[in-house]
Amino acid sequence: MTASGWRPVLRIARRTVLRSPARSLLIAILVALPVAGATFADVIASSFDATRLEAQRIVGSADGAVTLTGLDRLPGGYDPRWLSDSGQPSEGPRKQTTSELATLLPKGTRVVAVPRERALTLREGERIVRTEMLIGDVDEPLDQNVMRLDGGARAPRAGEVLVTRRLGERMGLVDGGGVRPGATITPAGGHTGYRVAGLAVDPVCLSCEQVVAAPAAAIVRATRSVRQPDGNTAGASDPTYLVDLPDGADADAVGRTLAAHGIALTTRDGLLHPTDSGSRLSLNADAIRTGALVAVIVALGLLEVVLLAGTAFAVGARRQVRELGLVAAGGGSPRDVRRIVLAQGLVLGAIGAVLGVAAGFAIAFAGRPLWESLADARVPGWSFGPYEIAGAALVGLLSGLAAALVPAIGAARMRPVNALAGRFRAGAGVRRRNGLAGAGLVLLGIAGGLLGAHRLAADFAAYDRAVLQVKLTGRFLTAPSSDGAVTLVIASAALAVVGLVLLAPNLIGWISRVGGRLPLSARLAVRDAERQRHRTGPATSAIVIAVTGSVVLAFLLAGRFHGDELRDVPALPRHTIAVTPGDTSTRAMATVAQRMAAELPGGRHLALDVPVIPVRAGARDAGGGPAVAQPLAVQPPPRTCPLPDGDPCLGLDYGSASLAIGAADDAVTRLVAGPGFDAPARAALAAGEVLVLDAALLDDRGRVRIGDDRVPAMLAGHLVRGQRAYGNLPAGLISAAAARAHGWRIGAGSVLVTYGDRASRDDVDAAVNMSDEAGTSAIYDDGPDRRRNVVLLILAGAAAIMTLIGVAISIALSAAEGRADMATLAAVGAPPQRRRALMASQALLVGGLGCVLGVALGTFVAYTARATTLSPTFVVPWANLAATGIGVPLLAALVAALCTRGRLALVRRAD
């Protein structure tokens with residue numbers, strides 16, 4: 001079509017848009033929603049990209065970070081991502097100095113040592129708080145990557161410190177928006193308090209609890225460093241400095257020069273733009289499957305928008321049917337009529353695209369504090385992909401055209417006589433064909449989903465059996481892949497959704513057949529919905545899509561959470577601390593464990609002895625040093641993976657699985673063996689058998705291999721069932737008498753300190769601090785994340801919002817289209833309550849039908865894909881389903897009733 005052919009229809013479209021501002025704004029907003037979402041997601045993902053955050057953490061605003069590795073030269077040459085990689089081997093260590101570094105760097109380079117990190121324990125009365133201290137200059141621009149002033153704070157003086165907001169809140173140092181006047185902190189083991197001058201923030205860890213001090217601060221001299229990293233970047237233990245190269249310097253050339261002298265240079269550009277093959281993401285099956293799933297989700301989201309916007313276009317086309325009839329009667333062809341409606345879609349699509357891009361940027365910028373809180377990091381710098389955003393805007397423009405396509409085709413098929421009379425007829429044959437096609441697609445989707453579910457069940461059968469035993473065996477499992485079945489399930493779900501979209505108007509027609517038995521308001525609502533299926537059908541379909549997506553996500557997340565809980569292997573039971581000697585003696589370990597148990601509410605200490613191989617006097621190890629007695633371990637037989645060959649299966653390192661000493665009356669035995677320590681287990685332990693917690697440790701004859709190739713021993717084993725596996729508890733138990741009978745010595749392994757529910761985090765910090773001060777090592781398990789239900793509530797809320805939007809649009813268009821009917825009701829004496837009841841009934845019909853179909857379809861799709869959640873059982877989020885299927889339609893009906901005006905002005909009817 002020529003430009004002159006589009007010019008008049010665009011003028012008509014512009015005039016129509018201005019003449020109906022409310023409907024035009026509604027369509028533009030619907031088109032803008034996915035564009036705004038895509039723009040917002042692109043800005044946030046680009047700005048908080050993991051690569052950008054890593055570059056911010058390591059080098060910040062500097063050109064790079066240099067590390068004095070102590071090597072003669074760097075193995076493999078210059079690597080601009082040195083500090084982000086690990087496992088760098090050592091070649092000929094030597095001492096390097098900053099003066100040597102200065103001679104290798106270009107003239108005019110600024111060199112600043114990165115802030116040092118030091119463990120710090122604070123005392124407040126009887127309270128102990130374990131945290132860390134950063135030692136550096138907050139006024140140094142190059143150190144802004146790890147420490148910055150928060151708010152109006154100033155740099156601390158020699159006798160002052162800064163604290164992060166999280167630490168200040170925990171210790172009660174923050175009063176309102178700033179530091180409480182006179183607030184001080186006191187290191188444990190000291191008596192001097194240091195004034196808190198203000199707040200600091202780590203831009204890449206907003207939730208970190210830290211103390212910030214200047215290098216010359218008194219607290220630095222008064223505290224002892226527990227950890228000795230000279231830099232906090234990537235855990236580097238070698239001296240690391242930030243460098244600001246002069247203008248025009250070639251960072252890569254400098255890096256090659258430094259690498260020849262054993263000094264590593266990590267550049268910001270190398271971190272932001274990795275070029276090595278190992279840093280590139282490969283296009284594997286997981287990426288393809290994820291991309292396909294994202295494409296389906298985006299396509300369904302656009303379909304929902306097109307349906308809602310198409311509903312508004314259909315109502316608009318019916319309201320301007322006389323104008324279109326005049327065009328046809330004046331010699332306009334069906335193509336001209338079609339162009340007029342499509343031009344409206346083009347104009348509103350362009351407006352929606354512009355609004356969407358602007359809204360996406362506005363939401364990203366305006367919600368910066370929230371996004372930073374969720375990401376736990378400051379924005380390193382706003383970034384976005386121009387091509388991605390241009391693509392999103394183009395999709396919005398095309399979605400406006402797509403929304404106008406069906407109304408345009410229907411308008412072009414009108415007979416001029418019907419159009420001039422204001423009648424917009426729809427053929428019953430078209431509705432019947434659409435219904436048959438929709439029913440066929442739904443059946444095809446169900447069949448494909450069942451086939452995919454059957455294939456997935458077969459692929460995951462062995463995994464499902466194995467994951468149920470993880471809590472008893474401690475074995476970590478990874479699920480087998482099944483790309484073909486997953487693709488079939490996704491494609492079948494998409495077919496079923498499209499089928500329901502086509503079938504929704506027919507379902508409304510079938511409901512109307514029983515409407516004569518309903519109360520008056522409901523009968524009128526059903527009749528109106530059946531008569532205006534061009535409006536109620538797409539609105540119901542849009543609700544089906546929204547609810548289906550939220551229900552599927554709720555099922556999949558609930559199943560994934562359950563599967564993660566089954567696969568989780570905690571280090572220790574709750575309220576348990578394991579104390580090991582570390583660099584001290586076993587006597588010191590026992591002493592500090594007793595003190596910890598005495599300080600913790602309900603605390604007690606349990607010695608975990610282990611059998612060891614005696615070492616003869618004068619024996620030497622492989623390195624030539626004095627030989628050390630090694631604890632004996634349980635050696636598994638070759639078969640330890642319950643999954644079929646070729647499937648991934650990782651287990652605990654049973655090659656070094658510890659073996660502890662247990663006794664019939666020992667509390668340690670009951671803690672390790674749990675409820676499985678019954679009378680037969682007690683008798684087996686007394687008889688010299690080895691109690692094992694995993695059947696994989698027994699061979700075909702029920703025996704256990706103890707020791708290594710030099711000192712093998714095959715002992716009778718007894719399987720203890722029903723106990724939860726823990727990563728840091730023994731894999732087997734043997735009595736002291738049986739150990740001595742085999743010539744083994746009894747040695748001290750560790751001490752378990754248990755405590756009651758009344759112990760607070762401060763109590764645990766104080767106990768662990770005792771271990772640190774004594775030079776021993778203490779570990780404990782914080783337990784699983786308990787915030788998972790929040791995600792399900794968010795999904796239910798999202799489904800409610802999208803359903804309310806769909807119902808609101810349908811009701812608003814119904815009110816606009818049925819204004820004459822409402823006026824007639826008022827004229828014959830219908831009270832305002834009748835009109836409110838009518839609108840509530842319409843909302844309940846459209847919202848209820850959409851929610852019921854969405855819940856049913858979402859449940860079916862989730863059932864077919866249940867194996868991908870890595871849960872052996874089908875987990876049903878009942879609360880989410882009830883809120884979506886029952887609560888949301890009732891809420892929609894209530895909102896519709898409250899928002900309906902009681903009085904309406906009479907209008908003139910033409911028919």
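Everything numeric here is computed off the predicted structure, so don't read it as measured data.

A. Inspection of the overall build of the protein chain at higher detail. A count of helical and extended segments in the protein chain gives 28 helices and 23 strands. Split into buried and exposed, the 911 residues of the protein chain put 46% on the buried side.

B. Just the sheet that holds strand S23 (residues 777–780), in detail. With antiparallel pairing, four strands are arranged side by side in an open sheet as S15-S22-S14-S23. Two strands lie at the open edges of the sheet, namely strand S15 (604–612) and S23, each paired on one side alone. For this sheet, the mean inter-axis angle between neighbouring strands, taken without regard to orientation, is 30°. Judged from the nine bridges that link them, S15 and strand S22 (residues 745–754) form a sheet pairing that is antiparallel. Pairing of arginine 604 across the sheet is with threonine 754, part of S22. Here helix H20 (residues 586–599) sits on the sheet in contact with strand S14 (576–580), S15 and S22, set at roughly 25° to S22.

C. Just helix H2 (residues 21–47), in detail. If you check H2, its first and last C-alpha atoms are 36 Å apart, about what 27 residues at 1.5 Å a residue would give, namely 39 Å. In the structure, H2 departs most strongly from a straight axis at alanine 32, where the bend amounts to approximately 30° and where the proline proline 34 lies between one and four residues downstream.

D. The packing of H20 against helix H24 (residues 761–774), seen in detail. Following both chains from N to C, one finds H20 and H24 inclined at 160°, their axes separated by 9 Å at the closest point. The angle between the axes of H20 and H24 places the two elements in the roughly antiparallel class. Crossing of H20 against H24: the hand is right-handed. Packed against H20, whose contacting residues are Val592, Arg595, Met596 and Glu599, the element H24 presents Ala767, Val768, Met770, Ser771 and Ala774 at the interface. Classifying every residue of the contact of H20 with H24 by side-chain character gives six nonpolar, one polar and two charged.

E. Summary view of the environment of valine 690. Tracing the chain through its elements places valine 690 in strand S18 (residues 690–692). For valine 690, a relative accessible area of 0% corresponds to the buried category. Between the alpha carbons of valine 690 and methionine 714 there is a distance of 10.0 Å; along the sequence they are 24 residues apart. What valine 690 contacts, discounting residues up to four positions off in sequence, is Leu659, Val704, Leu715, Ala716, Gly717, His718, Leu733 and Ile734.

F. Highlighting the packing of aromatic side chains. Overall, the coordinates contain six aromatic pairs when judged by the stated rule. Each ring, one from phenylalanine 555 and one from phenylalanine 874, has its centre 5.1 Å from the other, and the planes form 5°; the classification is stacked. Of the two residues, phenylalanine 555 sits in helix H19 (residues 533–567) while phenylalanine 874 sits in the loop between helix H27 (832–864) and helix H28 (878–899), which places them 319 residues apart along the sequence. The class of phenylalanine 555 is buried, set by a relative accessible area of 3%. These aromatic residues form a ring-pair network of at least three members: Phe361, Phe365, Trp382 and Phe384.

G. Looking closely at the nonpolar core. By size, the foremost hydrophobic cluster in this structure holds 45 residues, and its most contacted members are Ile27, Phe313, Leu324, Val341, Ala411 and Leu857. Look past the residues within four positions of valine 341 in its chain and what remains in contact with it is Leu324, Ala404, Pro407, Ala408 and Ala411.

H. Structural view of the state of the cysteines. Following the criterion strictly, the structure yields one disulfide and no others. Between cysteine 205 and cysteine 208 runs a disulfide, and the two sulfur atoms are separated by 1.8 Å. The S-S bond linking cysteine 205 to cysteine 208 shows a torsion near 85°; that makes this disulfide right-handed. Exposure class is identical for cysteine 205 and cysteine 208. Each is buried.

I. Quick look at unusual backbone geometry. Positioned with a positive phi, aspartate 376 is a non-glycine residue whose angle comes to about 60°. Mapped onto the fold, aspartate 376 is located in the loop between helix H12 (368–375) and helix H13 (386–412). Given the relative accessible area of 23%, aspartate 376 is considered partly exposed. Of note in the backbone geometry, histidine 575 takes a positive phi value of approximately 60° without being a glycine.

J. Highlighting the pattern of salt bridges. Applying the stated rule across the entire model yields 12 salt bridges. Here arginine 378 makes a salt bridge to aspartate 150, at a shortest N to O gap of 3.9 Å. With a gap of 228 residues between them, arginine 378 in the loop between H12 and H13 and aspartate 150 in strand S5 (residues 148–150) connect regions that are remote in the sequence. According to the relative accessible area criterion, arginine 378 is partly exposed, its value standing at 25%. Looking at aspartate 150, the relative accessible area reads 18%, which means it is buried.

K. Molecular detail of the packing of H2 against H13. The contact between H2 and H13 brings their axes to 9 Å, and the two run at 170°. In terms of their interaxial angle, H2 and H13 are classed as roughly antiparallel. Counting all contacts with H2, which are made through Val31, Val35, Ala38, Thr39, Asp42 and Val43, the residues of H13 involved are Glu388, Ile389, Ala392, Ala393, Gly396, Ser399 and Gly400. Residues belonging to the contact of H2 with H13 are distributed by class as follows: seven nonpolar, four polar and two charged.

L. Structural detail: the sheet that holds strand S13 (residues 263–267). A sheet is described by the order of its strands in space; here four strands give the open sequence S2-S12-S1-S13, paired in antiparallel fashion. Only two strands of the sheet have a single partner each, and these edge strands are strand S2 (110–113) and S13. Neighbour to neighbour, the strand axes of the sheet diverge by 30° on average, direction disregarded. Here strand S1 (residues 64–68) pairs with strand S12 (residues 240–244) via four bridges, running antiparallel. Each residue of the ladder has a partner; that of alanine 65, found in S12, is leucine 242. Along the sheet face, helix H7 (residues 251–259) touches S1 and S13 and points at about 160° away from the line of S13.

M. Main features of the side chain of histidine 575. Relative to the assigned elements, histidine 575 resides in the loop between H19 and S14. For histidine 575, a relative accessible area of 18% puts it in the buried group. At a separation of 3.0 Å, a polar atom in the side chain of histidine 575 contacts the side chain of aspartate 757. Among residues more than four places away in sequence, those in contact with histidine 575 are Val753, Thr754, Tyr755, Gly756 and Asp757.

N. View of the confidence of the model for the protein chain. Across the protein chain, the average pLDDT comes to 76, with 77% of residues at 70 or higher. Per-element confidence in the protein chain ranges from a low mean pLDDT of 58 for helix H16 (residues 470–473) to a high of 90 for strand S11 (residues 210–213). Counting interchain partners and residues more than four positions distant, the pLDDT-below-50 stretch residues 225–236 has 30 contacts. Counting interchain partners and residues more than four positions distant, the pLDDT-below-50 stretch residues 276–290 has nine contacts.

O. Region of the structure containing a nonpolar patch on the surface. On the surface, Leu25, Ile29, Leu33, Ile351 and Leu355 cluster together into a nonpolar patch covering about 400 Å² of accessible area. Within the residue set of the nonpolar patch, elements represented by two or more residues are H2 and helix H11 (334–366). No other element matches the three residues that H2 contributes to the nonpolar patch. Considering the arrangement of structural elements, one finds isoleucine 351 in helix H11.

P. Spatial organisation of the environment of valine 526. Position of valine 526 among the secondary structure elements: in helix H18 (residues 520–531). Measuring from C-alpha to C-alpha, the distance between valine 526 and glycine 509 comes to 8.7 Å, with 17 residues separating the pair along the chain. Beyond its immediate chain neighbours, meaning those up to four positions away, valine 526 contacts Ile511, Ser512, Gly515, Leu518 and Leu845.

Q. Examining the pairing of S1 more closely. Of all five residues making up S1, five are buried, and the element is well covered by its neighbours. Side chains Gly64, Val66 and Leu68 of S1 all project onto a buried face; the interleaved residues Ala65 and Thr67 project onto the opposite face, where all are buried too. Pairing of S1 with S13 involves five bridges; the strand directions are antiparallel. Residue pairing across strands places leucine 68 opposite isoleucine 263, the latter belonging to S13.

R. Just the environment of histidine 605, in detail. Structurally, histidine 605 can be placed in strand S15. For the pair histidine 605 and valine 579, spaced 26 residues apart in the sequence, the C-alpha separation amounts to 9.7 Å. If near-sequence neighbours (up to four positions away) are discounted, histidine 605 is found in contact with Ala593, Gln594, Ala597, Val751, Leu752 and Val753.

What counts, and at which threshold
- Residues numbered from 1 in each chain as written.
- Predicted model: local features only at pLDDT ≥ 70, side-chain atom pairs only at ≥ 80, totals over all residues.
- Heavy atoms only, no water.
- Helix = DSSP H or I, 4+ residues; strand = E, 2+ residues; numbered from the N terminus.
- Buried < 20%, exposed > 50% of the residue type's maximum accessible area, 1.4 Å probe, protein only.
- Pairing = 2+ DSSP bridges.
- Axes fitted to C-alpha atoms, helices over the stretch in contact; angles between N-to-C directions.
- Contact = heavy atoms within 4.5 Å.
- Expected span 1.5 Å × (residues − 1).
- Bend = angle between axes of the 7 residues up to and from the residue.
- Parallel < 35°, antiparallel > 145°, perpendicular 65-115°, else oblique.
- Left-handed = near helix turned anticlockwise from the far one by under 90°.
- Nonpolar A, V, L, I, M, F, W, Y, C, P; charged D, E, K, R; others polar.
- Phe/Tyr/Trp six-rings, centres within 6.5 Å; stacked < 30°, edge-to-face > 60°.
- Core = buried A, V, L, I, M, F, W, Y, C linked by side-chain atoms within 4.5 Å.
- Disulfide = S-S within 2.5 Å.
- Salt bridge = Lys/Arg side-chain N within 4 Å of Asp/Glu carboxyl O.
- Polar contact = N/O pair within 3.5 Å; in protein donor to acceptor, adjacent residues only side chain to side chain.
- pLDDT = per-residue confidence, 0-100.
- Patch = residues over 30% accessible without salt bridge, like charges linked within 9 Å, V, L, I, M, F, W, Y side chains within 5 Å.
- Areas by Shrake-Rupley, 256 points an atom, 1.4 Å probe, with all protein chains shown as cover.

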